[in-house]
Amino acid sequence: MEERSEQTYEIVRGNRVVITAVVATYNEEQHIGRCLQDLLAQQHVGGEIEIIVVDGTSTDRTIDVVRSFPEYGTKIRLLPNPHRLQVYAWNAALEIAQGEYFAMILAHSQYSPTYFAACLEVMARTRADAVGGVQHPCGEGLIGEAVAWCMSSAAGIGNARYRYTDDEEESDSVFSIFTRTKTLRAAGGYDVRMPFDEDSDMNYRLRKNGAKLVVSPRIGVRYVVRHSFKALAKQMYRYGYWRRVTQLKHAGDVPLRVYVPATLVAALALSAALAVTPLRLVGALVPGVYAAMLLAATICSARRAGSAALIVPAALVTMHLSYGLGYWVALARVRTLPHAARGHTAAR
């Protein structure tokens, strides 16, 4: 396919640009095609949608897939992100966004045809400053199915309501934020000192400025989870590490659920130390209670996860310990916010 010049980009529209949908990518060959199809199929938004893909120098066929769409160069724009990290992608798109509304889009998520229409409706009806959907995890293979269950249960992610609530409600955070472009610009864009958890940072900053954030199950989005323990451990370690950094910036605003995995890691370490002392029975208390929780989670997951329920304990242990370890490492290493984000991936 003939390559179109990025400099000659001009969105084809008969009406105003209502929404700027921004997709940050890095090696998303497997998912970017489906993501763009979902965005192009959006209905009932009352105007045009511009799609800006900001690619962090992918080494697979991500860029080729983007350029293969007939809408490339018209409704779809491709921008380079030499920094690779998502935080730079959001800011790059924010600078040139034409839409009244700004939508943070994850390439490995699946969006219903009425996703944006639901965002607009919920935002107008609730008078929210930002909205987000309930994240419905989906996975590939037994490990992926087990991780998907863990990601949508209190056993896996505590009281992060945007991951499993059946009710429309105010929240401390929203998944894949949908808000007015001017709201993000007034906030100064995303903080490049936060290479990860920059979305939570933005949520906290908006709330400190009096913004109302609403999560709604009417907004349909499916999130493709990691399908290997190695990838899951890496993801959760990073979450735990950067949540501690977020805490440095927003002391008192980070929810209590953040501390649970770190407390578990510390308690298990103490139990291991007590195992060689006369207090070994006391030391066995925490592992015993935790094992009982894992058993209960296995039983509860059986109906929905099927045979993957047998893997749920391993997925939960991977999530909890990786997150907790990441938090403790950051606590030991990080005393102040870094000057700027540096990293190796744009993927969530």
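This report concerns the structure included in the present document. Worth saying up front: this structure is predicted, and the values here are computed from it rather than measured.

Some words on the pattern of salt bridges
Argument step 1. A full pass over the atoms with the stated rule returns 11 salt bridges.
Argument step 2. Measuring nitrogen to oxygen at the nearest pair gives 3.2 Å for the salt bridge that ties D201 to R205. Here D201 and its partner R205 are both found in helix α8 (residues 198-208), 4 residues apart, which amounts to about one turn of the helix.
Argument step 3. Taking relative accessible area as the criterion, R205 reaches 15% and is therefore assigned buried.

A look at the nonpolar core
Argument step 1. Membership of the largest hydrophobic core comes to 100 residues, with the highest contact counts inside it found for I19, I105, F116 and F178.
Argument step 2. If you tally residues by element for this core, the top one is helix α13 (residues 312-333), at 8 residues.
Argument step 3. Beyond its immediate sequence surroundings of up to four residues, I105 is in contact with A21, V22, V23, A24, C35, L39, W90, Y111, Y115, F116 and S176.

Section: unusual backbone geometry
Argument step 1. Located in the positive-phi region is N27, a residue other than glycine, with phi close to 55 degrees.
Argument step 2. With respect to the helices and strands, the residue N27 is situated in the loop between β1 (17-25) and α1 (32-40).
Argument step 3. When its relative accessible area of 29% is taken as the criterion, N27 is described as partly exposed.
Argument step 4. With a phi close to 55 degrees, T57 is a non-glycine residue in the positive phi region.
Argument step 5. Here T57 lies in the loop between β2 (48-55) and α2 (62-67).

Looking at the environment of A296
Argument step 1. If you trace the backbone, A296 turns up in helix α12 (residues 285-305).
Argument step 2. Residues A296 and N91, spaced 205 residues apart in sequence, show a C-alpha to C-alpha distance of 43 Å.

Remarks on the side chain of T126
Argument step 1. Relative to the elements of secondary structure, T126 occurs in helix α4 (residues 115-126).
Argument step 2. Of the residues examined, T126 reaches a relative accessible area of 13% and is grouped as buried.
Argument step 3. The contact partners of T126, leaving out residues within four places of it in the chain, are E168, K212 and V214.

Topic: the packing of helix α9 (residues 229-249) against α13
Packed helix pairs are characterised by how far apart their axes lie and by the angle those axes make with each other.
Argument step 1. One can describe the packing of α9 onto α13 by two numbers: an axis separation of 7 Å at closest approach and a directional angle of 40 degrees. Considering only the axes of α9 and α13, their crossing is right-handed.
Argument step 2. Split by residue class, the contact of α9 with α13 holds 16 nonpolar, 5 polar and 3 charged.

The rules behind the values
- Residues numbered from 1 in each chain as written.
- Predicted model: local features only at pLDDT ≥ 70, side-chain atom pairs only at ≥ 80, totals over all residues.
- Heavy atoms only, no water.
- Salt bridge = Lys/Arg side-chain N within 4 Å of Asp/Glu carboxyl O.
- Helix = DSSP H or I, 4+ residues; strand = E, 2+ residues; numbered from the N terminus.
- Buried < 20%, exposed > 50% of the residue type's maximum accessible area, 1.4 Å probe, protein only.
- Core = buried A, V, L, I, M, F, W, Y, C linked by side-chain atoms within 4.5 Å.
- Contact = heavy atoms within 4.5 Å.
- Axes fitted to C-alpha atoms, helices over the stretch in contact; angles between N-to-C directions.
- Left-handed = near helix turned anticlockwise from the far one by under 90°.
- Nonpolar A, V, L, I, M, F, W, Y, C, P; charged D, E, K, R; others polar.

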